[in-house]
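Inside the fold
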Amino acid sequence: MQLNLVCVGERMPSWVNEGYEEYARRLPRECALMLREIAPGKRTRNCDIQRILADEGQRMLAVVGGNAHIVTLDVGGKAWSTRELAEVLARWLREGRDIALLVGGPDGLSDACRQRAAESWSLSRMTFPHPLVRVIVAEQLYRAWTLLNNHPYHR
């Protein structure tokens, strides 16, 4: 199984890349975390946001492929505790399919992404900066893996 973190946005600050990489590299090969960046659509004062969202969504889904288990990261999704995330990760590992975690850009995710999703995960009822979401997701997946493997990281 591979975890694909598909995010709208490129050229993140170094602290974001370093934070993400720190936790992604800690995960073992059986649940490797790979970042897939999608260039954001060009936003102008009078742009058509729905058209931009649809284009970003098409490009995200093209990266995902047809057989992946899609999970959107969305404020309206299900809020999991760390232990619940560990149970979800265990289920994903048992199923053996690649997982695609979709993080939208400044205007969120397209309807097409939401419709293709099997699950929706909310990190919080608060809205986080999209770059920070990468670090939080990587750390929480690593923490969930440590719980499953009785590693002392999660105490």
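Right above here is the structure, for reference.
Description of the structure in this document.

What counts and how
- Residues numbered from 1 in each chain as written.
- Predicted model: local features only at pLDDT ≥ 70, side-chain atom pairs only at ≥ 80, totals over all residues.
- Heavy atoms only, no water.
- Phe/Tyr/Trp six-rings, centres within 6.5 Å; stacked < 30°, edge-to-face > 60°.
- Helix = DSSP H or I, 4+ residues; strand = E, 2+ residues; numbered from the N terminus.
- Buried < 20%, exposed > 50% of the residue type's maximum accessible area, 1.4 Å probe, protein only.
- Expected span 1.5 Å × (residues − 1).
- Contact = heavy atoms within 4.5 Å.
- Salt bridge = Lys/Arg side-chain N within 4 Å of Asp/Glu carboxyl O.
- Axes fitted to C-alpha atoms, helices over the stretch in contact; angles between N-to-C directions.
- Parallel < 35°, antiparallel > 145°, perpendicular 65-115°, else oblique.
- Left-handed = near helix turned anticlockwise from the far one by under 90°.
- Nonpolar A, V, L, I, M, F, W, Y, C, P; charged D, E, K, R; others polar.

Another aspect to go through is the packing of aromatic side chains. Each aromatic ring pair is described using two quantities: the centre-to-centre distance and the angle formed by the ring planes. Evaluated as defined, the whole model comprises four aromatic pairs. Residues Trp 80 and Trp 92 carry aromatic rings whose centres are separated by 6.3 Å and whose planes lie at 75° to one another, so their mutual orientation is edge-to-face. Taken together, the positions of Trp 80 in the loop between β3 (69-79) and α3 (82-95) and Trp 92 in helix α3 put the pair 12 residues apart, joining distant regions of the chain. With respect to class, Trp 80 is no different from Trp 92; both count as buried. Centre to centre, the rings of Tyr 142 and Trp 145 are 6.2 Å apart; their planes meet at 25°, and the pair counts as stacked. Here Tyr 142 pairs with Trp 145, and both are found in helix α5 (residues 130-148), just three residues apart, close to one helical turn.

For α5, with 19 residues, the first-to-last C-alpha span of 27 Å sits near the 27 Å given by 1.5 Å per residue. Of all 19 residues making up α5, 14 are buried, and the element is well covered by its neighbours. Asn 150 lies just past α5 and shows a positive phi near 50°.

Positionally, Ile 49 belongs in helix α2 (residues 49-64). The sequence separation of Ile 49 and Asp 107 amounts to 58 residues, and the corresponding C-alpha distance is 7.7 Å. Ignoring any residue separated from it by four or fewer positions in sequence, one finds Ile 49 in contact with Arg 43 and Asp 107.

Take the pattern of salt bridges next. Note on pairing: side chains with opposite charge can pair once their charged atoms come close. What the rule picks out here adds up to nine salt bridges. As a salt-bridge pair, Glu 22 and Arg 25 come within 2.9 Å of each other at their nearest N and O atoms. With Glu 22 and Arg 25 both in helix α1 (residues 14-26) and three residues apart, this pair spans about one turn of that helix. Taking the relative accessible area as the measure of exposure, Arg 25 reaches 58% and is therefore exposed.

Contact geometry for α1 and α5: axes closest at 8 Å, N-to-C directions at 20°. By the criterion of interaxial angle, the relationship of α1 to α5 is roughly parallel. The hand of the α1/α5 crossing is left-handed. Between α1 and α5, the residues in contact are Trp 15, Val 16, Gly 19, Tyr 20, Tyr 23, Ala 24 and Arg 26 and Pro 131, Leu 132, Arg 134, Val 135, Ala 138, Glu 139 and Tyr 142, respectively. For the contact of α1 with α5, the class distribution of residues is 10 nonpolar, one polar and three charged.

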